Amino acid sequence: MTIARLVPVAARVLAGNHLRCRSAKFSSSFQDPVFETASSTLRFGPGSTSEVGQDIAHLQAGRVLLFVDPNVQRLQSYQTLMESIDLHCPSAEVEVYSRIRVEPSDTSFQDAIEFAQKSAYDVVVALGGGSTIDTAKAANLYATYPTGDFYDYVNSPVGNGHPVPGPVIPLIAIPTTA
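Before going into details, it helps to say that this report is about the structure given with it. These numbers were taken from a predicted model, which means no experiment stands behind them.

Here is what the cut-offs are and how they apply
Residues numbered from 1 in each chain as written. Predicted model: local features only at pLDDT ≥ 70, side-chain atom pairs only at ≥ 80, totals over all residues. Heavy atoms only, no water. Buried < 20%, exposed > 50% of the residue type's maximum accessible area, 1.4 Å probe, protein only. Helix = DSSP H or I, 4+ residues; strand = E, 2+ residues; numbered from the N terminus. Pairing = 2+ DSSP bridges. Right-handed = clockwise from strand over helix to strand, strands pointing away. Salt bridge = Lys/Arg side-chain N within 4 Å of Asp/Glu carboxyl O.

Of all the six residues making up strand β6 (residues 123-128), six are buried; the element is thus mostly covered by neighbouring parts of the structure. The alternating pattern of β6 places V123, V125 and L127 and V124, A126 and G128 on opposite faces, both of which are buried. The sheet contact formed by strand β4 (residues 63-68) and β6 spans five bridges and is parallel. Paired with V68 across the strands is L127, a residue of β6. Judged from the five bridges that link them, β6 and strand β7 (residues 171-175) form a sheet pairing that is parallel. In the strand pairing of β7, A126 is matched with A173. Between the parallel pair β6 and β7, the chain is carried across by helix α5 (residues 130-144), and the sense of this crossover is right-handed.

Here it is as structure tokens:
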């Protein structure tokens, strides 16, 4: 049963992929004042990796930066992804970054950022676990909005907590841990 069916019609507002519920009564003793979700497209299930090439083609991406764990690069999921890109956007140039570290550090992030800054890309793809996806997100952010201090976008109290200045390059994350 979807959340939209649980919430009375008068309490929900649907707009695109955004759901906001106000004063939704779930029982006579519990009243949840606000529920909200807004998200990017989420696709999962057998064969979903073979559709990523269609997404890249839809974005009209000519240059793809692919982050992949070196172990994952030897698996069928990497082959499936590359075949999908070749099939749906054969003229796309794909550059692969595979120097992913388990539990990435500021040093490993810096290496990925420098790689991402060497060229302009239309889309970033991350194939792997959390370390791969985190590395891709950091490289995407810092390549799009370079800063003199690595800690500018890191939350305080560790970092300076600066907000992201604007949109980043589209990122397609393909987690292999689920």
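According to the stated counting rule, one finds six salt bridges in the structure shown. When the shortest N-O distance is used, the salt bridge between D55 and R43 registers 2.6 Å. You can see D55 sitting in helix α2 (residues 52-58) and its partner R43 sitting in the loop between β3 (31-38) and α2, a full 12 residues away along the chain. Given a relative accessible area of 22%, D55 falls into the partly exposed group.

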